[in-house]
Amino acid sequence: MSAPLPPAFDRQWIVVTGASSGLGRAIAVELGRQGARVALVGRDEERLRATAALLHGAEHRIVALDLTQHDRIVPAMTALRAEVGPLHGLCHAAGIVETRPLASNSVEVVRSQLDVNLIAGLELARAVCRRDVIAAEGGSLLFISSVYGRVGMPGQIGYCATKGAIVAAVRAMALELARRGIRANCLSPGLVYTEMTRRSLGKLSAEHVQKIEAAHPLGIGEPEDVARAAAFLLSGAARWITGADLPVDGGFTAQ
């Protein structure tokens, strides 16, 4: 018989990017509720403080960091480890989306999404997985992808490409890091009402938005729906899950 599961989080330090709003904020709040200590990463320190005010406990940290400045990521994670001790997990929830048809999908537009959605995530994983940063027993990496890494969407060529790349990269990381006890997984949310998705939907016609909403059999999601799934995959309860891409999409991709 297997040993009983430990508490979801026992004051373990988890890094959450994009923590100033949307899914990142919801995930940080849920992790705090389940006993984690959270390092909140984002560009806007004031908004990060607003997130910190929602968290349980007082031992959380704010890391003001522009993820497009890739050379700052390793020093920031190294400094965090020196301050708080070993890190047990990373959730890369930061992401940007630009709705553009192919004709106006310039190199700059694609690169802006690539820099945050993919490259920053890989650099964060590299920083957190350093042997002098991550806990000796291992840890968990979680990347927020999207259903648009699985299916196409007009006007979202760059976004679909970067989110699909995340899923592929996570599979490779899962195999490479398993021997060190480090798990790597993805969550692929469907349509969730966040500030970013509202901006994106605002660029579409009302008819187009109605079709997207109708394509989710269980209806449109809330940030908390994704946050609870994220906390599970980051926790020890998911100790035998790695390399997975879990759809949290109200049945969108089941059709």
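*Asks:* Outline the overall build of the protein chain, listing residues and values.
*Replies:* Along the protein chain, the regular secondary structure elements total eight helices and seven strands. Relative to a compact globule of 255 residues, whose C-alpha radius of gyration would be 18 Å, the protein chain shows 18 Å and is just as compact. Structurally, the protein chain occupies a C-alpha span of about 50 × 45 × 35 Å along its principal axes. Here the protein chain, with 255 residues, has 50% of them falling under the buried criterion. Sequence-distant contacts, at least 24 apart, represent 71% of the contacts inside the protein chain between residues at least 6 apart. Surface exposure of the protein chain reaches about 12,100 Å², of which carbon and sulfur atoms provide 55%. Charge separation in the protein chain, taken as the distance between the mean sites of 27 positive and 24 negative side-chain charges, equals 4 Å.

*Asks:* An account of the packing of helix α3 (residues 73–84) against helix α4 (residues 107–128) is needed here, citing residue identities and associated values.
*Replies:* Where α3 meets α4, the closest approach of the two axes is 9 Å, and the angle between their N-to-C directions is 35 degrees. In this structure, α3 meets α4 at a crossing whose hand is right-handed. Facing Ile-73, Val-74 and Met-77 of α3, the residues of α4 in contact are Ala-120, Glu-123, Leu-124, Arg-126, Ala-127 and Val-128. Considering only residue class, the contact of α3 with α4 consists of seven nonpolar, no polar and two charged.

About the cut-offs
Residues numbered from 1 in each chain as written. Predicted model: local features only at pLDDT ≥ 70, side-chain atom pairs only at ≥ 80, totals over all residues. Heavy atoms only, no water. Helix = DSSP H or I, 4+ residues; strand = E, 2+ residues; numbered from the N terminus. Rg over C-alpha atoms; globule rule 2.2 N^0.38 Å. Buried < 20%, exposed > 50% of the residue type's maximum accessible area, 1.4 Å probe, protein only. Contact = heavy atoms within 4.5 Å. Areas by Shrake-Rupley, 256 points an atom, 1.4 Å probe, with all protein chains shown as cover. Lys, Arg positive; Asp, Glu negative; His and termini not counted. Charge placed at Lys NZ, Arg CZ, Asp CG, Glu CD. Axes fitted to C-alpha atoms, helices over the stretch in contact; angles between N-to-C directions. Left-handed = near helix turned anticlockwise from the far one by under 90°. Nonpolar A, V, L, I, M, F, W, Y, C, P; charged D, E, K, R; others polar.

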